[in-house]
Amino acid sequence: MALIKRNITFIDGYNVINKWGELKEISRIDLADARDKLIEEMAEYKSLSGEELVIVFDAYNLDRVKETIVEKYGMKIVFTKRFQTADTYIERELAKANRHHNIKVVTDDGAIQTQVTSKGASRVTALELRQDLDTMRGQIKRKRKEDFNQNFKTFPISDKLSDVIDKIKEDLENKS
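The structure displayed is predicted, hence computed values, not measured ones.

Caption draft 1: Broad picture of the pairing of strand β2 (residues 52–59). With six of its eight residues buried, β2 lies for the most part within the structure. Across five bridges, strand β1 (residues 7–12) lies against β2 in parallel orientation. Considered in β2, the bridge of Phe10 is made with Val54. Pairing analysis gives five bridges linking β2 to strand β4 (residues 75–82), with the strands arranged parallel. Paired with Val54 across the strands is Lys76, a residue of β4.

The following block contains the structure:
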């Protein structure tokens with residue numbers, strides 16, 4: 001039986017929260033809200049990219065005795081045990097994958113980035129992840145517009161009505 005390579009992305013959750021301005025602001029008020037917002041953003045990323053996502057939140061300074069893994073929106077959300085960092089969890093999982101899959105790790109931690117690339121995985125910074133998500137959203141928006149324009153042209157309408165609709169579209173585009 002042939003092994004199918006999977007695209008798996010590990011995300012250092014708190015690292016991303018601290019690098020994305022809007023999430024950092026939310027975390028100053030309520031860290032749980034920032035985690036939830038990141039999870040929602042990553043659910044959208046997962047649906048657009050098709051990658052398997054594992055978001056890791058470390059419990060280094062908490063009293064969590066054992067590791068907790070929750071499935072949400074088709075992603076794994078990992079809360080590490082006490083004295084375990086997200087980095088050590090990701091390192092362990094990276095060793096298990098052993099080049100059988102396409103692995104990507106999202107972190108801004110330089111030491112982890114070096115280790116990740118030495119193991120054959122790719123590394124992405126938190127801001128690059130944000131750019132990827134924004135790019136995918138833009139592609140979807142453009143595709144919807146193209147589809148609308150293509151479908152619109154197939155409707156039998158008068159030239160006068162077509163001119164009115166074009167004017168409305170132009171006005172809407174100028175507002176955004």
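Caption draft 2: Focus on unusual backbone geometry. In the Ramachandran plot, Tyr73 falls in the positive-phi region, its phi being about 55° despite a non-glycine side chain. Position of Tyr73 among the secondary structure elements: in the loop between β3 (68–72) and β4. Judged by its relative accessible area of 48%, Tyr73 is partly exposed. We note that Phe83 has phi near 70°; this positive angle belongs to a residue other than glycine. In this structure, Phe83 sits in the loop between β4 and α4 (86–97). Owing to a relative accessible area of 56%, Phe83 belongs among the exposed residues under this scheme.

Caption draft 3: Broad picture of the packing of aromatic side chains. By the definition in use, this model includes two aromatic pairs. An angle of 20° between the planes, with centres 5.6 Å apart, marks the rings of Phe57 and Phe79 as stacked. One end of the pair, Phe57, is in strand β2; the other, Phe79, is in strand β4, and 22 residues separate them in sequence. Here a set of aromatic residues connected by ring pairs shows up, and it is made of Tyr14, Phe57 and Phe79.

Caption draft 4: Just a negative patch on the surface, in detail. A grouping of Asp30, Asp33, Asp36 and Glu40 is seen on the molecular surface, where their side chains present a negatively charged patch. If you trace the backbone, Glu40 turns up in helix α3 (residues 31–49).

Caption draft 5: Seen up close, the environment of Asp87. Looking at the element boundaries, Asp87 is found in helix α4. Separated by 30 residues in sequence, Asp87 and Phe57 place their C-alpha atoms 9.6 Å apart. With sequence-adjacent residues up to four places away left out, Asp87 is seen in contact with Asp12, Thr107, Asp109 and Ile112.

Scoring rules and cut-offs
Residues numbered from 1 in each chain as written. Predicted model: local features only at pLDDT ≥ 70, side-chain atom pairs only at ≥ 80, totals over all residues. Heavy atoms only, no water. Buried < 20%, exposed > 50% of the residue type's maximum accessible area, 1.4 Å probe, protein only. Helix = DSSP H or I, 4+ residues; strand = E, 2+ residues; numbered from the N terminus. Pairing = 2+ DSSP bridges. Phe/Tyr/Trp six-rings, centres within 6.5 Å; stacked < 30°, edge-to-face > 60°. Patch = residues over 30% accessible without salt bridge, like charges linked within 9 Å, V, L, I, M, F, W, Y side chains within 5 Å. Areas by Shrake-Rupley, 256 points an atom, 1.4 Å probe, with all protein chains shown as cover. Salt bridge = Lys/Arg side-chain N within 4 Å of Asp/Glu carboxyl O. Lys, Arg positive; Asp, Glu negative; His and termini not counted. Charge placed at Lys NZ, Arg CZ, Asp CG, Glu CD. Contact = heavy atoms within 4.5 Å.

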